[in-house]
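# Residue-level structure breakdown
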Amino acid sequence: MKLQEELKKVNEKIKQYRDEAKVQLHLAQEDIKDEWDDLEEEWDQFKHRVDELLHDANDATKEARESAHKLAANLQDRYQKLRDRLK
């Protein structure tokens, strides 16, 4: 095989890999955006819940406090995982 033919084949293969990677990157961006949007909705709910608990701190039940802690831990974990995926 001539050098020109080899280089042409290599060039085409690299172009194919590049195009496929570009599509995958676009899809990954959309997935991350969707995940971000979901997390933002949960963040808004969490802020509302915390505001309620702070307002009624003396009257907050043990279950309400535990629920807020679980929600906080879940959000923290999911934001951390999303951040790690972006690195």
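Rules behind the numbers
- Within any chain, residue numbers begin from 1 and follow the written order of that chain's sequence.
- Restriction of local features to residues with pLDDT of at least 70 applies here, the model being predicted, together with a cutoff of 80 or more for giving and counting side-chain atom pairs; totals for whole chains, interfaces and linings are based on all residues.
- In computing side-chain values, all of the structure's heavy atoms are included and hydrogens and water are not.
- Think of a salt bridge as a Lys or Arg side-chain nitrogen and an Asp or Glu carboxyl oxygen that are within 4 Å of each other.
- Only runs of H or I of at least four residues qualify as helices and only runs of E of at least two qualify as strands under DSSP, and these elements are numbered from the N terminus.
- Note on classification: 1.4 Å probe, protein chains only; a residue is buried when its accessible area is under 20% of the maximum for its type, exposed when over 50%, partly exposed between these limits.
- By this rule, a helix spans an expected 1.5 Å times one less than how many residues it contains.
- Any two residues having at least one pair of non-hydrogen atoms within 4.5 Å are treated as being in contact.
- Nine residue types can take part in a nonpolar core, namely buried Ala, Val, Leu, Ile, Met, Phe, Trp, Tyr and Cys, and a core is a set of them joined through side-chain atoms within 4.5 Å.

Pairing between side chains of opposite charge can happen when their charged atoms approach one another. If you walk through the whole model with that rule in mind, you get 7 salt bridges. Between Asp19 and Lys15 there is a salt bridge, and its shortest N-O distance comes to 3.1 Å. Here Lys15 and Asp19 lie together in helix α1 (residues 3–55), a separation of 4 residues that amounts to about one turn. Exposure remark for Asp19: the relative accessible area of 31% places this residue in the partly exposed category. Taken together, the shared-partner salt bridges in this structure form one network comprising Lys15, Arg18 and Asp19.

Attention now moves to helix α2 (residues 62–86). Taking 1.5 Å per residue as the helical rise, α2 with its 25 residues ought to reach 36 Å, and the 36 Å between its terminal C-alpha atoms agrees with that figure. Next to the buried residues of α2 lie α1.

All right, on to the nonpolar core then. Membership of the largest hydrophobic core is limited to 5 residues, which are Ile32, Leu39, Phe46, Leu75 and Leu82. Those elements giving two or more residues to this core turn out to be α1 and α2. Of the residues forming this core, the biggest block, 3 residues, is contributed by α1. Apart from residues no more than four positions distant in its own chain, Leu39 is found in contact with Leu75, Arg78, Tyr79 and Leu82.

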